[in-house]
Amino acid sequence: MKDFSLVHELTLVREIMTTIERYNCDHGITASPGVIRDTLLVVAGLLHREAVSLEDHEGDPRQLQQTFSEVAGARIEQVLEASAGKGRSSQQ
């Protein structure tokens, strides 16, 4: 089995966004970014719980919340940095 690389991550993100757009079109709805975020946070929370359990950590809810916050914070920082870099390169 291949490792999950940045290329796979970007492709999966594009697929998820396409699925959300198709779902909205199929159901004739317009879900706000906040609603989609909240739904994806539920999915992310479930996946985080699974990831932590695979790493043999105790299921302490406070620890689960703390590690989720740390991981989510690091990822949003990466997104903001990438967005800022993209904005700068398009302005040149």
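Residues numbered from 1 in each chain as written. Predicted model: local features only at pLDDT ≥ 70, side-chain atom pairs only at ≥ 80, totals over all residues. Heavy atoms only, no water.

Quick look at the overall build of the chain
When helices and strands are tallied, the chain shows three helices and zero strands. Walking the chain from its N terminus toward its C terminus, one meets helices and strands in the order α-α-α. Taking all 92 residues of the chain together, 5% fall into the buried category. Counting every atom, the chain has about 8200 Å² of accessible surface; 60% of that belongs to carbon and sulfur. (Helix = DSSP H or I, 4+ residues; strand = E, 2+ residues; numbered from the N terminus. Buried < 20%, exposed > 50% of the residue type's maximum accessible area, 1.4 Å probe, protein only. Areas by Shrake-Rupley, 256 points an atom, 1.4 Å probe, with all protein chains shown as cover.)

Concerning the side chain of Thr67
As for its placement among the helices and strands, Thr67 is situated in helix H3 (residues 61–91). A distance of 2.7 Å separates the side chain of Thr67 from the side chain of His48, its partner in a polar contact. Other than its neighbours up to four places away in sequence, Thr67 contacts His48 and Val52. (Polar contact = N/O pair within 3.5 Å; in protein donor to acceptor, adjacent residues only side chain to side chain. Contact = heavy atoms within 4.5 Å.)

Quick look at a nonpolar patch on the surface
Among the surface-exposed residues, Phe4, Leu12, Ile16, Leu40, Val43 and Leu47 lie close enough to one another that they form a single nonpolar patch of about 550 Å² accessible area. In terms of residue count, helix H2 (residues 33–54) provides more of the nonpolar patch than any other element does, three residues in total. Inspection of the secondary structure puts Leu12 in helix H1 (residues 6–27). (Patch = residues over 30% accessible without salt bridge, like charges linked within 9 Å, V, L, I, M, F, W, Y side chains within 5 Å. Salt bridge = Lys/Arg side-chain N within 4 Å of Asp/Glu carboxyl O.)

As for H1
Here H1 spans 32 Å end to end across 22 residues, near enough to the 32 Å set by a 1.5 Å rise per residue. Of the residues flanking the end of H1, it is Gly28, one or two places downstream, whose phi is positive at about 60°. (Expected span 1.5 Å × (residues − 1).)

Side note on the pattern of salt bridges
Across all of its chains, the model carries two salt bridges by this definition. With a shortest N-O distance of 2.9 Å, Asp38 and Arg37 are connected by a salt bridge.

Details of the confidence of the model for the chain
Residues of the chain with pLDDT of at least 70 account for 88%, and the chain-wide mean is 86. The least confident element of the chain is H3, whose mean pLDDT is 82; the most confident is H1, at 92. (pLDDT = per-residue confidence, 0-100.)

Observations concerning the side chain of His48
Within the secondary structure, His48 sits in helix H2. Note on His48: relative accessible area 11%, which makes it buried. The residues touching His48, leaving out its near neighbours within four places in the chain, are Leu64, Thr67, Phe68 and Val71.

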